[in-house]
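Secondary and tertiary structure notes
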Amino acid sequence: MTKPVIEAKGFKLPIVGLGTWTLRGRECTRLVEQAIRIGYRHIDTAQMYDNERAVGEGIRASGKRSEVVVVTKVQPTLLAPHDLERSVKESLAQLRLDVIDLLLIHWPNQRVPLAETLGAMAKMKQQGYTRAIGVSNFTVALLEEANRVSPEPLVCNQVECHPYLDQDKVLAACKKHGMAMVAYSPIARGQARGDELLGRIGAARGKTAAQVCLRWLIQQGIAVVPRTSKVQRLGENFEIFDFQLSDAEMTEIAGLARPGGRIVDWSYSPQWD
Ligand SMILES: NC(=O)c1ccc[n+]([C@@H]2O[C@H](COP(=O)([O-])OP(=O)(O)OC[C@H]3O[C@@H](n4cnc5c(N)ncnc54)[C@H](OP(=O)(O)O)[C@@H]3O)[C@@H](O)[C@H]2O)c1
């Protein structure tokens, strides 16, 4: 059966996390607290989401801080070492936590040499501000470079991943470097909900299309961070450990990938400026 935790370079990352983009204020705090109550042990936030304070409150309210992997991400405009260091201290102040568990570069920024940014990320780890470091939205070529120049091990690459987008090459690169791959927008921003194939596969097992979609990812050893603003869906998105997809079903779902299946617009990344 699929393990509930991925181990990458000695770091243990729970395979199902809660995405928090767009969640704000009390609603965000309540959802984070409730998610931890029902078993989530991985919470995904970012400086860009403007919700680190609310996320931190939810984590503290759960009373389970020590069990939870808290992930936050440095804005792509703050990747110069001095900016990065200042912003990480600000993240900790917002979260009101002593340490971040996993700190990611949110998006690459070609205006700042990657080695400098990774040097600063490593310093944050060595000085105890974060337990581990990783990246997000890195291509295969960037993963090669990052693993070559990073002074500290990189434990994950968080990228868009769902059945409509073929990410096999990035997954292979993550495996090659011993990194976990984390799928963001894992239910394709809700698109999976109405999918005929996912719905049919789920109906035979009393599962929803969204659950089949998430199961397809974790069964490949890919971590997922689905987001919901609805408490009842927190449970739905977590109850994906009690069924298995056949090899034929896995292949059929992979066949949903199509050109133009990407949802998140890369054009705003400073990389392309
Ligand atoms: N690193 C990056 O650059 C990056 C980029 C994008 C996202 N992320 C992270 O990944 C997380 C997830 O991605 P996402 O927010 O883009 O999209 P997502 O999780 O794929 O989809 C969220 C949408 O799906 C709906 N939904 C959730 N559970 C459902 C279910 N069981 N059945 C039907 N609909 C459901 C939600 O609506 P309701 O609220 O109505 O449930 C919401 O509209 C983000 O929150 C963020 O933490 C990272």
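**What about the overall build of the chain?**
When helices and strands are counted, the chain shows 10 helices and 10 strands. Expected size for 273 residues packed as a compact globule is a radius of gyration near 19 Å; at 18 Å, the chain falls within 12% of this value. With respect to the three principal axes, the spread of C-alpha positions in the chain is 55 × 40 × 35 Å. At a minimum sequence separation of 6, the contacts of the chain that also span at least 24 residues come to 76%. A total of about 11600 Å² of accessible surface is found on the chain, and carbon and sulfur atoms cover 50% of it. Computed over 35 positive and 30 negative side-chain charges, the separation of the two mean positions in the chain equals 3 Å.

**Topic: the packing of helix H1 (residues 25–38) against helix H9 (residues 231–238)**
In the contact formed by H1 and H9, the axes pass within 10 Å of each other and the chain directions differ by 40 degrees. Compared by their axis directions, H1 and H9 come out oblique. Here the hand of the crossing between H1 and H9 comes out right-handed. Facing H1, whose interface residues are Arg30, Leu31, Gln34, Ala35 and Ile38, H9 presents Val231, Leu234, Gly235 and Phe238.

**Some words on the environment of Asp44**
Structurally, the position occupied by Asp44 is in strand S4 (residues 42–44). Taking C-alpha positions, Asp44 is 20 Å from Leu118, a pair spaced 74 residues apart along the chain. Ignoring any residue separated from it by four or fewer positions in sequence, one finds Asp44 in contact with Leu18, Gly19, Thr20, Tyr49, Val71, Lys73, Gln158 and Val225. Here the side chain of Asp44 touches Lys73 through a polar contact of 2.7 Å, side chain to side chain.

**Some remarks on the site of the ligand**
By nearness alone, 29 residues border the ligand, and Arg189, Arg227, Thr228, Ser229 and Lys230 come closest of all. At 2.8 Å, a side-chain N or O of Asn137 approaches an oxygen atom of the ligand. Isolated, the ligand exposes 900 Å² of accessible area, and the fraction of that covered by the protein chains is 93%. With 3 residues, the top contributor of residues to the shell around the ligand is H9.

**Observations regarding the packing of aromatic side chains**
Enumeration over the complete set of coordinates arrives at 2 aromatic pairs. Centroid distance Phe238 to Phe241: 6.0 Å. Interplanar angle 70 degrees. Geometry classified as edge-to-face. Note on Phe238: relative accessible area 18%, which makes it buried. Judged by relative accessible area, which is 27%, Phe241 ranks as partly exposed. Members of the aromatic cluster, joined through ring pairs, are Tyr40, Phe238 and Phe241. It is Arg215 that lies over the ring of Phe243; its NZ or CZ is 5.8 Å from the centre.

The rules behind these values
- Residues numbered from 1 in each chain as written.
- Predicted model: local features only at pLDDT ≥ 70, side-chain atom pairs only at ≥ 80, totals over all residues.
- Heavy atoms only, no water.
- Helix = DSSP H or I, 4+ residues; strand = E, 2+ residues; numbered from the N terminus.
- Rg over C-alpha atoms; globule rule 2.2 N^0.38 Å.
- Contact = heavy atoms within 4.5 Å.
- Areas by Shrake-Rupley, 256 points an atom, 1.4 Å probe, with all protein chains shown as cover.
- Lys, Arg positive; Asp, Glu negative; His and termini not counted.
- Charge placed at Lys NZ, Arg CZ, Asp CG, Glu CD.
- Axes fitted to C-alpha atoms, helices over the stretch in contact; angles between N-to-C directions.
- Parallel < 35°, antiparallel > 145°, perpendicular 65-115°, else oblique.
- Left-handed = near helix turned anticlockwise from the far one by under 90°.
- Polar contact = N/O pair within 3.5 Å; in protein donor to acceptor, adjacent residues only side chain to side chain.
- Near = heavy atom within 4 Å.
- Phe/Tyr/Trp six-rings, centres within 6.5 Å; stacked < 30°, edge-to-face > 60°.
- Buried < 20%, exposed > 50% of the residue type's maximum accessible area, 1.4 Å probe, protein only.
- Lys NZ or Arg CZ within 6 Å of the ring centre and 35° of its normal.

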